[in-house]
Amino acid sequence: MAASRSTFTNKFGFIAAAAGSAVGLGNIWKFPFEVGKGGGSAFLIIYLIFCFVLCYPILVTEIAIGRRSQKSAAMAFRPLGHPRWSIVGILGVFCGVVILSFYNIVAGWVLGYFVEMLLGNFAIGQQFGEYVNDIAEVGGYTLAFLIATAYIVSQGVTKGIEKASKILMPVLIAIILVLTVYAMTLDGALDGITFYLVPDFTKLNLNVIYRALGQSFFSLSLGLGALMTYGSYLSRKENIISAGAMITFADVGIAFLAGLMIFPFVFSQGIEPEGGAGLIFMTMPGIFESMGPTLGIAVGSLFFLLLAFAALTSTISLLELPVAYLVDKHKVKRKYAVWYAAAVIFLLGIPSMLGNGYSEYFTKFITYVGAEQPVNFMDFVTDVASNTLLPFGGLMVSIFSIYIWKRRKLFRELSHGYPEFPRTFIARYIGFTLQYICPPVLGAIFIITILEIFFGVKII
Ligand code: PHE
């Protein structure tokens with residue numbers, strides 16, 4: 001069984017792929033506008049606490065479950081516990097499919113914007129509303145992005161996923177560093193940094209905390225088994241504790257840098273940063289235009305290339321979830337599983353594509369009880385899949401590892417590649433968090449979220 005399973009060639013390959021999964025549109029597109037909405041660094045502080053205190057122990061546990069079972073998400077729980085737990089893995093695969101269905105559309109916009117920037121069409125920023133409703137064009141780019149993802153995944157773990165990540169991640173880091181340094185030199189950069197780093201706690205409320213939690217799970221690719229699946233391809237020689245730390249630092253570090261890049265850009269034009277999802281697509285082109293044609297084209301296309309690369313390493317890991325499920329469970333050949341899964345995902349994404357104004361039905365898809373405005377299909381799926389089900393998946397992983405699989409066995413798995421592990425402080429910290437912090441915190445937020453958003457009960 002284990003012998004025929006493909007593996008990452010070394011630790012760097014694994015870290016590049018897993019950090020590639022984590023670093024994505026969540027860091028560069030979503031993180032800055034969540035910061036904008038959540039009172040600058042008030043949000044940032046809560047987010048950092050969630051990432052390090054709560055998410056890191058879950059992250060290493062997910063990798064350990066995958067490596068121990070040598071199975072992808074949907075099947076990993078079974079050999080380590082009770083078959084009933086497979087439902088958690090299957091829910092994760094479902095989440096991955098749903099997330100990819102809309103994520104891929106945003107990636108399609110990014111690809112389209114990259115082309116527009118190359119052509120010097122900065123006016124696209126003001127036409128964002130019409131652009132997303134140009135179904136033929138957006139559909140085309142979305143399809144192109146999905147095909148690129150599927151092609152890489154079809155090449156397998158070593159020659160596809162690992163190889164692509166080893167190229168894309170270093171380039172991505174180089175681009176973001178160049179752009180951040182450049183953004184800091186602009187007039188008004190300091191105002192941007194002040195907004196970003198000086199907290200406004202008056203904006204802090206339960207909703208901000210809920211979003212910070214959802215963001216930390218989404219950004220670290222947790223709660224749906226993506227890292228579990230990657231963990232199943234990791235050799236026993238490697239140290240999960242240090243690899244996990246590097247993945248977390250890479251993810252948080254790039255999100256932090258993205259803020260240091262975006263806010264100086266935005267404030268250099270005297271714009272209020274609360275623009276929501278459109279922050280990048282509506283505001284940035286105008287900023288590039290103000291740099292003059294040559295520099296604008298260079299910086300603008302580099303910026304959207306950065307986003308496209310970040311998105312690609314994430315869509316790869318999202319597609320790998322259903323693909324690994326089909327390969328492991330149903331023994332479908334990888335090259336067929338990939339295209340089958342991609343076709344389903346494309347079709348599932350159509351309502352999200354239509355819900356930005358094209359179709360009234362999907363645009364005003366649902367009004368939560370007690371909410372003032374209806375949300376569109378994409379926002380609805382984001383709320384269900386990423387903001388609610390991912391933390392729920394994390395809750396299940398913590399309960400499973402302590403009460404079903406048992407802490408002793410988790411620690412034994414974590415000591416492969418790090419024999420002193422059980423005697424370290426970090427082991428005590430991970431054990432304590434999984435047992436005493438994750439279940440009550442994640443459980444409480446899950447229940448409050450369901451009651452408040454979907455049932456309109458006012459709790460806080
Ligand atoms: N972490 C990715 C991002 O921040 C998104 C993602 C979520 C990828 C879940 C895989 C699994 O963009």
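The structure presented is a predicted model; accordingly, all values stated were derived computationally and were not measured.

1. Quick word on the overall build of the protein chain
Helix and strand counts for the protein chain stand at 18 helices and zero strands. The globule rule puts the C-alpha radius of gyration for 460 residues at 23 Å, and the 21 Å found for the protein chain is close to it. A buried classification covers 60% of the 460 residues belonging to the protein chain. The long-range fraction of contacts in the protein chain, counting pairs at least 24 apart against all pairs at least 6 apart in sequence, stands at 81%. Separation of charge centres in the protein chain, based on 30 positive and 24 negative side chains, amounts to 22 Å.

2. A word on the layout of surface pockets
As a volume, the largest pocket reaches approximately 1,300 Å³. Lining the largest pocket are 44 residues, and of these K37, R211, V375, D379 and D383 sit closest to its centre. Elements represented by at least two residues in the lining of the largest pocket include exactly α2 (25–37), α5 (86–118), α10 (206–219), α17 (377–415) and α18 (425–455).

3. Regarding the nonpolar core
When a protein is soluble and globular, its nonpolar side chains tend to lie buried together. F14, F281, F303 and F304 are the most contacted members of the largest nonpolar core, which has 166 residues in total. Considering every element that reaches this core, the biggest residue donor is α5, with 17 residues. The contacts of F304, once residues within four sequence positions are left out, are V110, Y113, F114, M117, I280, F281 and F288.

4. What to know about the side chain of E162
Looking at where E162 falls in the secondary structure, it is placed in helix α8 (residues 157–184). Those residues within four positions of E162 in sequence are excluded, and the remaining contacts are T7, F8, T9, N10, G13 and V157.

5. Thoughts on the site of the ligand
Neighbouring the ligand are 14 residues, the closest being A22, G26, Y103, F218 and S219. The contact in question runs from an oxygen atom of the ligand to an N or O atom on the backbone of G26, over 2.8 Å. Note that an oxygen atom of the ligand is positioned 2.5 Å from one of the side-chain N or O atoms of Y103. Relative to its free-state accessible area of 330 Å², the ligand is covered by the protein chains to the extent of 100%. In this structure the site holding the ligand corresponds to the largest cavity.

6. Quick word on empty space enclosed by the protein
Within the structure shown, the criterion is met by six cavities of 30 Å³ or more. If you add up the space inside the largest cavity, you get close to 130 Å³. Along the walls of the largest cavity sit 17 residues, with S21, Y103, F218, S221 and L318 positioned nearest its centre. Classifying every residue of the lining of the largest cavity by side-chain character gives nine nonpolar, eight polar and no charged.

7. Remarks on α5
Along its 33 residues, α5 runs 47 Å from first to last C-alpha, staying within 8% of the 48 Å computed at 1.5 Å per residue. Its maximal kink placed at L100, α5 deviates by approximately 25°. Most of α5 sits out of view: 26 of its 33 residues are buried. Two residues or fewer past α5, G120 is found with a positive phi of approximately 75°.

8. Thoughts on the pattern of salt bridges
This structure, assessed with the given rule, holds eight salt bridges. A salt bridge links D328 to R5; the nearest nitrogen and oxygen atoms lie 3.2 Å apart. Placement of the pair is D328 in helix α14 (residues 293–330) and R5 in the segment before α1 (11–22), with a sequence separation of 323 residues. Across the pair, R5 and D328 agree in class, each one buried. Notably, a salt bridge pairs E320 with R334, separated by 2.9 Å at the nearest N-O pair. Taken together, the residues E320 in helix α14 and R334 in helix α15 (residues 334–354) connect sequence positions 14 residues apart. Both residues of the pair, E320 and R334, count as buried. When salt bridges with common partners are traced through the structure, they connect R67, R68, R236 and E413 into a single cluster.

9. Considerations on the packing of α2 against helix α12 (residues 240–267)
For the pair α2 and α12, the least separation of the axes is 9 Å and the interaxial angle reads 65°. When the axes of α2 and α12 are compared, the pair comes out roughly perpendicular. Like other packed secondary-structure pairs, α2 and α12 cross with a definite hand, here right-handed. Where α2 approaches α12, its residues N27, I28, F31, P32, V35 and G36 are matched on the opposing element by D251, I254, A255, F256, A258, M261, I262 and F263. Here the contact of α2 with α12 is composed, by residue class, of eleven nonpolar, two polar and one charged.

Calculation criteria
- Residues numbered from 1 in each chain as written.
- Predicted model: local features only at pLDDT ≥ 70, side-chain atom pairs only at ≥ 80, totals over all residues.
- Heavy atoms only, no water.
- Helix = DSSP H or I, 4+ residues; strand = E, 2+ residues; numbered from the N terminus.
- Rg over C-alpha atoms; globule rule 2.2 N^0.38 Å.
- Buried < 20%, exposed > 50% of the residue type's maximum accessible area, 1.4 Å probe, protein only.
- Contact = heavy atoms within 4.5 Å.
- Lys, Arg positive; Asp, Glu negative; His and termini not counted.
- Charge placed at Lys NZ, Arg CZ, Asp CG, Glu CD.
- 1 Å grid on protein atoms, 1.4 Å probe; cavity = no way out; pocket = protein on both sides within 12 Å on 5 of 7 lines; lining within 4 Å.
- Points joined across faces, edges and corners; volume = space filled by probe spheres on them.
- Core = buried A, V, L, I, M, F, W, Y, C linked by side-chain atoms within 4.5 Å.
- Near = heavy atom within 4 Å.
- Polar contact = N/O pair within 3.5 Å; in protein donor to acceptor, adjacent residues only side chain to side chain.
- Areas by Shrake-Rupley, 256 points an atom, 1.4 Å probe, with all protein chains shown as cover.
- Sits in = over half its atoms within 2 Å of the grid points.
- Nonpolar A, V, L, I, M, F, W, Y, C, P; charged D, E, K, R; others polar.
- Expected span 1.5 Å × (residues − 1).
- Bend = angle between axes of the 7 residues up to and from the residue.
- Salt bridge = Lys/Arg side-chain N within 4 Å of Asp/Glu carboxyl O.
- Axes fitted to C-alpha atoms, helices over the stretch in contact; angles between N-to-C directions.
- Parallel < 35°, antiparallel > 145°, perpendicular 65-115°, else oblique.
- Left-handed = near helix turned anticlockwise from the far one by under 90°.

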